[in-house]
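Here is what each chain is made of, one letter per residue.
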Amino acid sequence: MRSLAFSLAIFAPLTALLLTSGCKRGSVDGGVDRLSGGGATFVDPIMQRWSSEYKTAKNVEVDYKKSGSGNGIQQMSGKVLDFGCTDAPMNKDETENAKTEGGEVVHVPVIMGAVAIIYNVPGVKEQLKLNGDVIAKIYLGEITLWNDPAIAALNPGVKLPASGLTPVYRSESSGTTSIFTEFLSKSSVSFKTKIGISKNPKWPKIGTGQNGNDGIAGHVQRNEGCIGYVELYYAKKSEMPYAILKNRRGKDVLPDTENVAAAAKGAMSETPTKEPYTVHSLTYSLTDIDADTAYPICGMSYAVLFKNQPAGKGKALVDFLKWATTDGQKFAKELEYSPLPTELQTKIAARLDEVKLD
Amino acid sequence: MSRLFSDIFSQRTVDGRSSSTNLATAKPKFHCEKVNFWYPGKQALWDIDLTISEKSVLALIGPSGCGKSTFLRLLNRMNDLIDGCRVEGQIHLDGTDLYSPTRNMVDLRRRVGMVFQKSNPFPKSVYENVVYGPRVAGVRDRARLDFTVEKCLKQAALWDEVKDRLQSSALELSGGQQQRLCIARSLATDPQVLLMDEPASALDPKSTAKIEDLIDELKKQYTIVIVTHNMQQAARVSDFTAFFYEGRLVESGLTQQIFTKPTKKQTEDYITGRFG
Amino acid sequence: MSEPVAAQKPPSPAGDVIFRLICQACGMFILLVAAALLGILVWQSWDVLSRIGEYKMFTSTDWNPDQRPRVFGSWVFIYGTLATSLIAMLVAVPLGVGSAAFLSEIAPPWIRKTCSFLIELLAAIPSVVYGFWGLFFLTPGLQKLFLLLGGPPNTSGQGILAAGLILAIMIVPYVTAISFDVCRAVPSSQRQGSLALGATRWQMIWTVVLPYARPGIIAACFLALGRALGETMAVTMLIGNVRYIDFSLFASGDSIASVIANQLNEAGSRDHRSALVALGLVLFLITAMTNLAARFLIRQGAKPRVRVNRGPQSLTGPANAPAEFGPLVVSESQWKRTARENRVMTWVLGFCQLATVVPLFLILGYIGVRGASSLDWNFFTELPKPPGQLGGGMIHAIVGSGIIVLLASVCAVPIGVLTAVYLHEYNTHPLTKPVRFVTELLGGVPSIVIGIFAYALLVKPPAFIASLIASVPILSYLMPSGFTAWAGVFALGIMMLPVVVRTAEESMKLVPASLRQASYALGATQRQTVMRVILPASLPAITTGVLLAMGRIAGETAPLILTTAGSNFWPRSLYDRTPFLPGYIYEYSKSADADQQRQAWAAALVLLSAILLLNILIRVAAGRRVVAASRAD
């Protein structure tokens, strides 16, 4: 019998562990102290800040892992996450898909920000001026050198090198890419027909794909000749120069919190007419807004969650989102985001009250 | 005891196997003086003085571990492959210092061929085994290689057995054939000396007899040094015999003399089978 | 007369039977796992495989999961996988075989000892650390080289070549180590035979040692190829992740393993997921074939194959009867040429050895320097801080990694050891051969494929399995859905299992038969003999193997990204997302944020030191212990 006891002894720790974690699990469902979220990298810096502040304030751990908007949508739909974040509202397919898994999905904006164009041009430290058409040509592979006449014409007096130009884009399904391609499609007909708006478009035979806003920022930082699009916080953190863009009214604007707010103000004054903004309430297109100081590539990040939520966890989630979209907005400017307008905050609270807890 | 060996020697005379060269006037091929040798951490040979005559057969005999194989491997500097071994004293080949720093080892090993205790054909065809030496020496001429193969296999008395399967694997030959192939392979570099380290110890009596006949034939052209454990074999094939014991050369001389009238007690004890 | 018969009965037949059944059950468990792996892969990819034409899986380069009609042309990834592996093999095989020949035939013993140790360390470095190093060291260098060589200006250094080179560095240790072993196994009589015929050392290596070792070296290459094909993290970090084929060496691309790691988590539609699993199946089949080829060759390996001409067997007739040739005379110039060739090739082989171990120092040095300057006490005490706040740490990830690795070992070791007992002791059982075969097969499955398996079975189970789990309460504890530590433990445990089985069986073989016979002679049953004599005697060797395997899985990243997904908080239970250190290296290494880069360097240094320290300690301790174990008689 000794050998049997020996075998049991080997398995004992395993059994014990399974049992203890089983007990733990029971307690998790009862008193919620951790919410799991994930998705957009756009929103990650402020989400980590919220998570840290909210833990101190309410002792609830908001465990957000950045992995791209598409990922956030899919994991939320598959009920692997309690909530997802995306910078592009879910399209029809995604909404249908989620409906079969868990019913209706609620979108709430959590933060607004700018998508900056960063670059690493040997010898150029000044802020270049670019417009939508030129950026579209770059991402179509039509401009391949930094001293291209189109770039030079926008930047008189800047000494541009004849070095190669490599566009960097996201390798995964990304809301930031969706915002960026939306802007380029509005600026260039040829971009619209060849590539179009997508979270995960098929790029032409040029450039390289990187994972996450941080991946693009890091790649541009490390490799000469590269140009990329990242949320403003990542641009500032990379210490790379970022471009001044011409907006719809032909004004040169910098990406900053005021210019994002201006874009948001313009966007909210009109009713969205296009998919996917028509599919969900409280979703807005912030690109290429017709206003004097509006920065042309702005975006909003949304939290997405099922309308039907389990009682304990659902309440905790709704509480957190209410806190983030009100009190939490005060951290926005520190992290280069633009806080949500007050009238939108009240609409969000009302929308969150529609979440059914059972 | 002496009856056994005297039978062998009388048989040799009948077979016409007695020395074909004039042993007394033969030129020395190797000349060793005060040779000492150390393996890492231990001495293996002490003060060996020995002269080896050209175109004769010298048998090295002695109990296991007496240093006879070590001595044999000094003659083509195979011991150099062992890290940390050391030689002192003089070994001359044709009057030139074998261990001089300027000695071309590759050339030396081509001139002093070696056949090992266990046959070690390469996993190649019979043909490629024989031409290995010429090939590494840079011979590319096909006619020359063909000539070498035929000549050496005939010399090694293997030609008739393999001439129709030259391109098949050498590993398919029998043990005795493999050993004769190794001899043929050694002959292909046109050596002057052939060192044989118990070449027949792993073979059956019939193959052994073939190898012994071969040695008798080869000594017309080559100087042969053979290590053997088999007293009768030594008596049958060699002209000279050197008896090693515990790293020292006890006695050397004409085979007939060593086997019939040894001067040292140790030699007599060994030959009569009282030890070893 | 009945009394003596009764006395001869074993003391406890029931115990023996139960023990045998447990061992057999463990063996069956491995068969079950392998069957489930293959079954899940086929089942989950069936949506696409059954309509392969419609999705243009193998007929198109267009991979378009988001727009209708969806097409999953996978030639981009297949090309990327093959091209990077080809580059890796072209670089690694000559280097590896060269340095193996150098170590085996030329190097003095102290160099041989040192270098083979360094090569083992190189093999222990995790993939994600290679990738990290490649990002900062290799690709910027390659970009400059491209431009210098007049490559296209629009290159970022990343791409097929960068990924191929990092793979080469990663598989060189495998080629070298196995080739070294087979070179050492060449009988010394072959070497002496060659030298005695006047060959130089290089000629001996080239014409005798390497041909003799050829089957073993080819096996080594197949094993290395299998590893290169399935490698994930380093490739995904360096290949450029694009969806087009460009046959230029400078071009970016993507590989099968990389696209699975990037997209499986975000695959929304059924057919997208199905297409990714199908790619996993393709990868599984390719690597299984290379590994089987390798095993086959190794089993054949003992005897060298003879290359023979099928042409005329005799010399070509009397027409060719040659004129007499004089004795072989070698000209002075021929001498010099041969000697020069020998000298040059000795240097070349030495250079191969140098080139093989230099990356180790580059990696250790670069990560050591950057990591040491980034490491502080906070790293071992704090959780990550939100962006903009300095001084966070990764204690939670260190603990998380520790827990996952320990639990994986706790699960894998008993099953593995008992399977080994089954294979070794009950080898008359009809299923031992299939179990051994399947274990070997499982050992060669790329980690990303194991990741897919765990993901498709546990994280997001198909509806059928999900409803099964929901209806059987106990299953919800064994197979919780969602990202859980348990799924990670499962994946790593499966990766560890074949290693444990193999080490345990090998070390049991080392136990002298006399010991076993002595035990039986004293009347012990088979179970008693195994538990009291054989396992204790082989325990040191098994422990060594298990520790080495733990070092290997501690650095695994790809399967954990798909299963435990990581977390910013303390590990809480087996049913939560759980942080793991390599995940942070991957996440932070690509960042442009100086603070995150610092954390990544520190994490890489900590992971690398832990793994290398483990390896060094094992080797220092094991040398004696394994010998002691085999001398148990």
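Our subject is the structure that appears above.
Heads up: these notes are all about the structure in this document. Note that residues are indexed from 1 along each chain, following the sequence as it is written. All chains are assigned letters beginning with A, and all ligands numbers beginning with 1, in the order in which they are written. Only residues with pLDDT of at least 70 get local features here, since the model is predicted, and only at 80 or more are side-chain atom pairs given and counted; chain-wide, interface and lining totals rely on the full set of residues. For side-chain calculations, the full set of non-hydrogen atoms in the structure is used, while hydrogens and water are omitted.

**What to know about the overall build of chain B**
Phase 1 of the analysis: Working definition: helices are DSSP H or I runs of at least four residues, strands are E runs of at least two. Numbering for both runs from the N terminus. Looking only at helices and strands, chain B has twelve helices and ten strands in total.
Phase 2 of the analysis: Only the C-alpha atoms count toward the radius of gyration. The rule for a globule is 2.2 Å times the residue count to the power 0.38. Here the C-alpha radius of gyration of chain B, 19 Å, is about what a compact globule of 276 residues would show, namely 19 Å.
Phase 3 of the analysis: When its C-alpha atoms are laid out on the principal axes, chain B stretches across 55 × 45 × 35 Å.
Phase 4 of the analysis: A 1.4 Å probe rolled over the protein chains alone gives each residue an accessible area, and that area as a share of the maximum for its type sets the label: buried under 20%, exposed over 50%, partly exposed in between. Each of the 276 residues in chain B was classed as buried or not, and the buried ones make up 57%.
Phase 5 of the analysis: Here, two residues are considered to be in contact whenever any of their heavy atoms come within 4.5 Å of each other. In chain B, once contacts between residues fewer than 6 apart in sequence are set aside, the share between residues at least 24 apart is 69%.
Phase 6 of the analysis: Residue burial considers only the protein chains on display, and all accessible areas are found by Shrake-Rupley using a 1.4 Å probe. As displayed, chain B offers around 11100 Å² of accessible surface, 48% of which is attributable to carbon and sulfur atoms.
Phase 7 of the analysis: The average position of the 38 basic charges and that of the 33 acidic charges among the side chains of chain B differ by 1 Å. The positive count covers Lys and Arg only, the negative count covers Asp and Glu only, and His and the chain ends enter neither. For charged residues, the charge sits on one atom: NZ in Lys, CZ in Arg, CG in Asp, CD in Glu.

**Examining the environment of Tyr302 of chain A**
All names here are of chain A.
Phase 1 of the analysis: With respect to the helices and strands, Tyr302 occurs in strand β11 (residues 298-306).
Phase 2 of the analysis: The class of Tyr302 is buried, set by a relative accessible area of 0%.
Phase 3 of the analysis: With 256 residues separating them along the chain, Tyr302 and Ile46 place their C-alpha atoms 13 Å apart.
Phase 4 of the analysis: Residues adjacent in sequence count toward polar contacts only when both atoms are side-chain atoms; beyond that, a polar contact is any pair of N or O atoms within 3.5 Å, and within protein one must be able to donate a hydrogen and the other to accept it. Side-chain polar atoms of Tyr302 contact the backbone nitrogen of Tyr284, separated by 3.0 Å.

**Overview of the packing of helix α4 (residues 75-106) of chain C against helix α9 (residues 201-230) of chain C**
Residue and element names in this part refer to chain C.
Phase 1 of the analysis: Where α4 meets α9, the axes come as close as 9 Å, and the angle between the chain directions of the two elements is 140°. Relative to α9, the element α4 lies oblique. With respect to the hand of their crossing, α4 and α9 are arranged in right-handed fashion. Counting all contacts with α4, which are made through Thr81, Leu82, Ser85, Met89, Val93, Val97, Ala101, Glu105 and Ile106, the residues of α9 involved are Arg201, Met204, Ile205, Val209, Leu210, Ile217, Cys221, Leu225, Ala228 and Leu229.
Phase 2 of the analysis: Three classes are used: nonpolar for Ala, Val, Leu, Ile, Met, Phe, Trp, Tyr, Cys and Pro, charged for Asp, Glu, Lys and Arg, and polar for all others, with Gly counted as polar. For the contact of α4 with α9, a count of residues per class yields 15 nonpolar, two polar and two charged. A fitted line through C-alpha atoms represents every axis, and for helices the fit uses only the stretch in contact; the resulting angles, taken between N-to-C directions, go from 0 to 180 degrees. Angle categories: roughly parallel below 35 degrees, roughly antiparallel above 145, roughly perpendicular from 65 to 115, and oblique for all the rest. Crossing handedness follows the turn of the near helix against the far one: under a right angle anticlockwise gives a left-handed crossing, and clockwise gives a right-handed one.

**Overview of helix α13 (residues 342-353) of chain A**
Residue and element names in this part refer to chain A.
Phase 1 of the analysis: Each residue after the first adds 1.5 Å to the expected span of a helix. Spanning twelve residues, α13 covers 17 Å between terminal C-alpha atoms, matching the ideal 16 Å at 1.5 Å per step.
Phase 2 of the analysis: The complete set of buried residues in α13 reads Leu344, Gln345, Ile348, Arg351 and Leu352. Down the axis of α13, the buried set is contained in an arc of 120°. They therefore lie on one face. Facing away from the buried side of α13, by more than 90 degrees, are the exposed residues Thr342, Glu343, Thr346 and Asp353.
Phase 3 of the analysis: Each element contacted by the buried residues of α13 is listed here: β4 (105-119), α11 (257-268), β11 and α12 (311-325). Comment: arc refers to directions from the helix axis out to C-beta atoms.

**Quick look at the interface of chain B and chain C**
Phase 1 of the analysis: Every contact between the two is made by 48 residues of chain B and, on the other side, 40 residues of chain C.
Phase 2 of the analysis: Surface buried jointly by chain B and chain C totals about 3500 Å² across both partners, of which 62% is contributed by carbon and sulfur atoms.
Phase 3 of the analysis: The largest share of the area that chain B buries against chain C comes from Pro123, Phe147 and Gln167 of chain B, three residues that together contribute 18% of it.
Phase 4 of the analysis: Here, a salt bridge means any side-chain nitrogen of Lys or Arg that lies within 4 Å of a carboxyl oxygen of Asp or Glu. Where chain B meets chain C, there are zero salt bridges.
Phase 5 of the analysis: Put simply, chain B and chain C have eight residue pairs in polar contact (both at pLDDT 80 or more) between them.
Phase 6 of the analysis: At the level of elements, α3 (105-111), β6 (112-115), α5 (132-136), α6 (142-155) and α8 (175-187) of chain B are the ones that each hand at least two residues to the side of chain B that touches chain C.
Phase 7 of the analysis: In terms of residue class, the side of chain B that touches chain C is made up of 21 nonpolar, twelve polar and 15 charged. Buried area adds together the accessible area that both of two parts lose upon being put together, with accessible area traced by a 1.4 Å probe.

That's the geometry; what it means functionally is another story.
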